[in-house]
Amino acid sequence: MKVALLYNQKPDLPENTPKYQSDEFAEWDNPETIDAVANALRERCDVVKIDCNPAYLQQIITTLLEEKPDICFNITEGIGEPSREAQIPALLDMMRLRYTASDPATLCLALDKARTKEILSYYQIPTPHFRVIHSLSEGMVFLNEHHQFPLIVKPLHEGSSKGIFERSVVYSVEELSRQLREVIEQYKQPALVEQFLSGREFTVALIGNGETLEVLPIIELLFDHLPKDSRKIYSYEAKWLWDDPENPVEVFKCPAPISKELADEIASLCKRAFRALRCRDWARIDVRLNEHGKPFIIEINPLPGILPNPDEHSCFPLAARTAGIDFNALINRVLDEALKRYNLAI
Ligand SMILES: Nc1ncnc2c1ncn2[C@@H]1O[C@H](COP(=O)(O)OP(=O)(O)O)[C@@H](O)[C@H]1O
Ligand SMILES: [Mg+2]
């Protein structure tokens with residue numbers, strides 16, 4: 001079987017560029033991740049690697065036409081627009097090629113956190129109350145409404161904690177106004193204002209489809225190592241500045257130390273969310289508890305990050321390892337789930 005591995009490789013940036021300054025490419029993969037996925041696929045398949053940088057668009061299409069892969073393993077993040085993760089899958093649909101993971105509709109939805117929440121709400125799957133503010137003038141009217149602080153203000157279309165800082169959790173109209181302005185002016189996109197949930201946080205890896213959809217061991221995000229007065233959130237600071245590989249701290253606990261009842265409730269919530277969004281093959285879902293310990297869905301990641309090095313704090317591979325599935329087995333499992341979906345087998 002021939003598999004095309006489709007990816008976006010991070011461009012070479014000048015030496016000493018701090019991690020947090022390479023923002024535009026934050027979600028693109030490094031060569032170690034790409035090689036690790038390729039090596040895993042090579043255990044059973046012929047692998048063609050295709051760098052899907054938009055600068056090589058013609059080359060991407062030519063290679064796909066010439067190689068005629070049986071299936072593509074898609075980890076492309078795309079560029080720019082809220083459609084970015086759907087760009088390559090839409091091209092693959094047009095070329096009638098098979099691929100792993102979700103289709104363009106789901107990938108676009110997941111990059112619009114409010115649209116995702118609207119669908120969850122339709123299915124009565126708990127998600128924090130929210131409003132989308134598109135412009136500063138709409139913000140002015142909104143500021144005069146009644147608010148139950150604290151709230152959290154996030155860019156509508158980002159990931160990897162981009163645009164989510166300590167200051168994004170707001171306690172007053174003044175702070176709310178400041179953050180609305182920051183998101184709308186600096187991130188040039190609508191702001192999602194959400195009820196802030198003060199409880200514990202979890203992230204949940206799911207693999208499969210239909211009746212055999214499987215929930216891997218739940219991960220708890222720990223905030224004990226954050227500075228004493230910090231907000232207990234997985235902010236940009238927490239992800240990129242305070243998690244220093246030179247000075248490792250425990251940021252995740254897997255399996256999460258929670259009761260079986262809570263674990264079952266979270267697992268069932270995440271399965272419902274996976275199905276409501278029509279995710280395929282795999283996804284990672286963020287969950288947070290309110291002050292009464294009730295779980296809510298925060299967001300859905302249909303293209304989960306997968307850093308192969310256990311020291312790099314990557315959630316999906318950690319959940320898989322905890323279930324006894326090593327990195328290579330994880331990648332091959334995702335491939336098998338996609339093949340099953342297409343009624344194919346190696
Ligand atoms: N409604 C909320 N209540 C409490 N914390 C939140 C809420 N929304 C987001 N957060 C915090 O911010 C982090 C990043 O938000 P998230 O929507 O998952 O963005 P990203 O796409 O960057 O992962 C979450 O992991 C969580 O710690
Ligand atoms: Mg998240």
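For every chain, the first residue of the written sequence is number 1, and numbering continues from 1 onward in sequence order. The order in which chains are written sets their letters, starting at A; the order in which ligands are written sets their numbers, starting at 1. Restriction of local features to residues with pLDDT of at least 70 applies here, the model being predicted, together with a cutoff of 80 or more for giving and counting side-chain atom pairs; totals for whole chains, interfaces and linings are based on all residues. The basis for every side-chain value is the complete set of heavy atoms in the structure, and neither hydrogens nor water enter the calculation.

Undergrad: Teacher, can you tell me more about helix 5 (residues 113-122) here?
TA: Think of an α-helix as 3.6 residues a turn; residues three or four steps apart then line up on the same face. Between buried and exposed lies partly exposed: a residue is buried under 20% and exposed over 50% of the maximum accessible area for its type, with that area taken using a 1.4 Å probe on protein chains only. Every helix listed is a DSSP run of H or I at least four residues long, and every strand listed is a run of E at least two residues long, numbered separately from the N terminus. Listing the buried residues of helix 5 in full gives Lys113, Ala114, Thr116, Lys117 and Leu120. Buried residues of helix 5, viewed axially, fall in a sector of 155°; they line one side. Residue contacts are defined here by distance: any two heavy atoms, one from each residue, within 4.5 Å place the two residues in contact. As for helix 5, its buried residues are in contact with helix 4 (104-110), strand 4 (130-133), strand 7 (191-195), helix 9 (260-276) and strand 13 (295-301). One or two positions beyond helix 5, positive phi appears at Gln124, with a value near 55°. In this description, the arc belongs to the directions extending from the helix axis to the C-beta atoms.

Undergrad: Would you take a moment to explain the packing of aromatic side chains for this structure?
TA: Only Phe, Tyr and Trp rings are paired, with Trp represented by its six-membered ring, and only when their centres lie within 6.5 Å; those with planes under 30 degrees apart are stacked, over 60 edge-to-face, the remainder tilted. Under the definition given, this model contains six aromatic pairs. On the basis of an interplanar angle of 70° and a centroid distance of 6.2 Å, the ring pair of Phe73 and Trp282 is categorised as edge-to-face. With Phe73 in strand 3 (residues 71-74) and Trp282 in strand 12 (residues 281-289), the pair connects residues that are 209 residues apart, well separated along the chain. The exposure classification of Phe73 matches that of Trp282, with both residues buried. Between Tyr122 and Tyr123 the ring centres are 5.1 Å apart and the planes differ by 85°, which places this aromatic pair in the edge-to-face class. For Tyr123, a relative accessible area of 42% puts it in the partly exposed group. Should the NZ of a Lys or the CZ of an Arg lie within 6 Å of a ring centre and within 35 degrees of the ring normal, that charge is described as sitting over the ring. The positively charged end of Arg167 is found above the aromatic ring belonging to Phe165, 4.3 Å away from the centroid.

Undergrad: Can you help me understand the environment of Thr63 in this one?
TA: Tracing the sequence through the fold places Thr63 in helix 2 (residues 57-67). Judged by relative accessible area, Thr63 falls into the buried class, the value being 14%. Put simply, Thr63 and Cys270 are 207 residues apart on the chain and 37 Å apart in space, counted from C-alpha to C-alpha. Among all residues touching Thr63, those that are not within four sequence positions of it are Val48, Ile50 and Lys68. The definition of a polar contact used here is a pair of N or O atoms within 3.5 Å, where within protein one atom must be able to donate a hydrogen and the other to accept one, and adjacent residues in sequence count solely through side-chain atom pairs. Within polar-contact distance, the side chain of Thr63 engages the backbone oxygen of Gln59 at 2.6 Å.

Undergrad: How should the environment of Ile258 be read in this particular structure?
TA: As for its position among the elements, Ile258 is in the loop between strand 11 (252-253) and helix 9. Contact partners of Ile258, with chain neighbours within four places excluded, come to Arg200, Phe202, Ile218, Ala263 and Ile266.

Undergrad: I would appreciate a short explanation of the nonpolar core in the present structure.
TA: One recurring pattern in soluble globular proteins is that nonpolar side chains are buried together. Formed by 44 residues in total, the largest nonpolar core has its most connected members in Leu5, Val37, Leu41, Phe73 and Ile306. Residue assignment for this core shows that the elements contributing at least two residues are strand 1 (2-7), helix 1 (31-42), strand 3, strand 8 (201-208), strand 10 (219-221), helix 10 (315-322) and helix 11 (327-341). Counting residues per element, this core draws most heavily on helix 11, which supplies seven residues. Note that the domain bounds were set by an automatic or database domain assignment. Residue assignment places this core across two domains, with domain 1 (2-100) and domain 3 (201-341) each supplying three or more. Put simply, a nonpolar core is a bunch of buried Ala, Val, Leu, Ile, Met, Phe, Trp, Tyr and Cys residues held in one set by side-chain atoms that sit within 4.5 Å of each other.

Undergrad: In this structure, what is going on with the environment of His146? I would like to understand it.
TA: Tracing the backbone through its elements, the reader meets His146 in the loop between helix 6 (136-143) and strand 5 (151-155). Classification of His146 as exposed rests on a relative accessible area of 73%.

Undergrad: Even after reading the chapter, I still don't get the sheet that holds strand 1, so can you show me in this structure?
TA: Strand pairs in the sheet, formed through backbone hydrogen bonds, run parallel or antiparallel to each other. What makes two strands pair is DSSP finding at least two bridges between them. Read across the sheet, three strands follow the order 2-1-3 without closing on themselves; strand pairing throughout is parallel. One side of each edge strand has no neighbouring strand; the edge strands of this open sheet are strand 2 (46-51) and strand 3. For this sheet, the mean inter-axis angle between neighbouring strands, taken without regard to orientation, is 25°. Bridge count for strand 1 against strand 3 is four bridges, and the pairing is parallel. Residue pairing for strand 3: Ala4 is matched across the bridge by Cys72. As a rule, the C-alpha atoms of each element are fitted with a line to give its axis, helices using only the stretch in contact, and angles between N-to-C directions run from 0 to 180 degrees. Packing of helix 1 onto the sheet brings it into contact with strand 1, strand 2 and strand 3, and relative to strand 2 it is tilted by some 155°.

Undergrad: What am I meant to see in the pattern of salt bridges here?
TA: Between side chains of opposite charge, a pair can form when the charged atoms approach closely. A side-chain nitrogen of Lys or Arg and a carboxyl oxygen of Asp or Glu constitute a salt bridge if their distance falls within 4 Å. For the coordinates displayed, the defined rule picks out 21 salt bridges. Residues Lys2 and Glu67 are paired through a salt bridge, measuring 2.8 Å at the closest nitrogen-oxygen approach. With a gap of 65 residues between them, Lys2 in strand 1 and Glu67 in helix 2 connect regions that are remote in the sequence. Residue Asp264 is joined to Lys260 by a salt bridge in which the shortest nitrogen-to-oxygen separation is 2.6 Å. Placement of the pair is Asp264 and Lys260 together in helix 9, with a separation of four residues, close to one helical turn. The exposure class of Asp264 is partly exposed, given its relative accessible area of 38%. Salt bridges sharing common partners tie together Glu27, Arg84, Glu158 and Lys162.

Interpretation in functional terms is not warranted from these geometric data alone.
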